[in-house]
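Chains, contacts and geometry: an overview
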Amino acid sequence: MLNSVSPDSADDSSVHPALPAPAGVNVNVPHSARIYDYWLGGKDNFAVDRAVGEAMIQAIPGMRYMAGENRKFVHRAARDLVEKEGIRQFLDVGTGIPTRPNLHEVAQRIAPETRVVYVDNDPIVLVHARALMLSSPEGRSEYISADIRDPRSILTDKVLRETLDLTRPVGLTLIAILMLLADEDDPWATVAELRDAMPSGSCLAITHPTADFNPDEVNQAVAAATGAGMTLVARTQEAVARFFGDWELLEPGLVPVSAWRPDTPATDPKAAYYWAGMARKS
């Protein structure tokens, strides 16, 4: 049974030494950012995160590959937003634990003056963001602790207002975060509030897990997560498309994440169970 995996069974302390828990962190409750960190080979996670992460790998053996493909999308999207769309400021909601290269590093490598505001609600992300998310001298990289469920708190945050100019185009990135919002919470309205605050010329990039490619594996992974007390929603292509509202979907549209402007064509684009897309506000 996927849900029978216990925190103790994943307590490989020789590989993952005990971490001091920052204030506000409950080490007995799994967090998506730390699970994702575990899949990417990081050490900023706890036994409970590894237990859920392993249960989901049991359901989807290619889970680590999928996490890697998701990160590659971030790099390609950041690059194209700077080079092709002329974006020089980003709002990244649901940042996760820093994994280099981070979004601002990709963007500032091309345009050093780029400004980025990262948003997450895990205190561990805050600790690492302050230490690792260092900006170029010409640009700026900031982090705010906030929850996507309260978009107004993000948009009115003093640091965001001091860092980003919301009269100029913004690259809004929602990478593997909307899956954590239940349908009954109306995540489409939440995203609409963020979209509405962005000026003309802004772009929205989204990745979202789906059961469209392999329902059996994904449904088992969802069961593992929800059995551990998490919210995890896999959505259809149609449901993900709704997050873009009336913004113009850019080529190649809403496609499997590995098929979105790949540097090297994937052998099987549907091997990573995510939809990915980017849209522009007219």
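Residues numbered from 1 in each chain as written. Predicted model: local features only at pLDDT ≥ 70, side-chain atom pairs only at ≥ 80, totals over all residues. Heavy atoms only, no water.

Peptide bonds are mostly trans, and most non-glycine residues show a negative phi. Cis geometry is found at the peptide bond from Glu251 to Pro252, where omega equals 10°. Tracing the backbone shows Pro252 in the loop between strand 6 (248-249) and strand 7 (255-256). Notably, Asp186 is not glycine yet its phi reads approximately 55°, a positive angle. In this fold, Asp186 is placed in the loop between strand 4 (171-175) and helix 8 (187-196). Taking the relative accessible area as the measure of exposure, Asp186 reaches 35% and is therefore partly exposed. Positive phi values are uncommon outside glycine, yet Arg261 reaches one of about 45°. Inspection of the secondary structure assignment puts Arg261 in the loop between strand 7 and strand 8 (274-280). (Helix = DSSP H or I, 4+ residues; strand = E, 2+ residues; numbered from the N terminus. Buried < 20%, exposed > 50% of the residue type's maximum accessible area, 1.4 Å probe, protein only.)

Once that is clear, we can look at the nonpolar core. Trp39, Met56, Leu91, Leu174 and Leu178 are the most contacted members of the largest nonpolar core, which has 92 residues in total. Among the elements that take part in this core, helix 3 (residues 63-83) stands out by supplying nine residues, more than any other. In this structure Leu91 touches Val117, Val119, Ile154, Leu160, Leu164, Val170, Gly171, Leu172, Thr173 and Met198, once residues within four positions along its chain are discounted. (Core = buried A, V, L, I, M, F, W, Y, C linked by side-chain atoms within 4.5 Å. Contact = heavy atoms within 4.5 Å.)

When their charged atoms lie close together, side chains carrying opposite charge are able to pair. For the structure on display, the rule yields 16 salt bridges. For Arg280, the salt bridge goes to Glu85, with nearest N and O atoms at 3.0 Å. Taken together, the residues Arg280 in strand 8 and Glu85 in the loop between helix 3 and strand 1 (89-93) connect sequence positions 195 residues apart. Among the ionic contacts, a cluster of salt bridges with common partners joins Arg79, Asp80, Lys84, Arg261 and Asp263. (Salt bridge = Lys/Arg side-chain N within 4 Å of Asp/Glu carboxyl O.)

Turning next to the packing of aromatic side chains. We describe a pair of aromatic rings using the distance from one ring centre to the other and the angle between the two ring planes. Tallied over the entire structure, the rule returns four aromatic pairs. Note on Tyr36 and Trp39: the rings are 6.5 Å apart at their centroids and 70° apart in plane angle, and the pair reads as edge-to-face. Placement of the pair is Tyr36 and Trp39 together in helix 1 (residues 32-39), with a separation of three residues, close to one helical turn. For the pair Tyr36 and Trp39, one class covers both residues: buried. Measuring from centroid to centroid gives 4.9 Å for Phe213 and Trp275, while their planes differ by 65°, and the two rings are edge-to-face. A residue pair is termed long-range when its members are at least 10 positions apart, and Phe213 in the loop between strand 5 (203-209) and helix 9 (215-227) and Trp275 in strand 8 qualify at 62 residues. Neither residue differs from the other here; Phe213 and Trp275 are each classed as buried. (Phe/Tyr/Trp six-rings, centres within 6.5 Å; stacked < 30°, edge-to-face > 60°.)

Mapping Ala197 onto the fold places it in the loop between helix 8 and strand 5. Residue Ala197 is classed as partly exposed on the basis of its relative accessible area of 28%. For the pair Ala197 and Leu155, spaced 42 residues apart in sequence, the C-alpha to C-alpha distance is 7.7 Å. Not counting residues up to four positions away in its chain, the partners in contact with Ala197 are Leu155 and Leu166.

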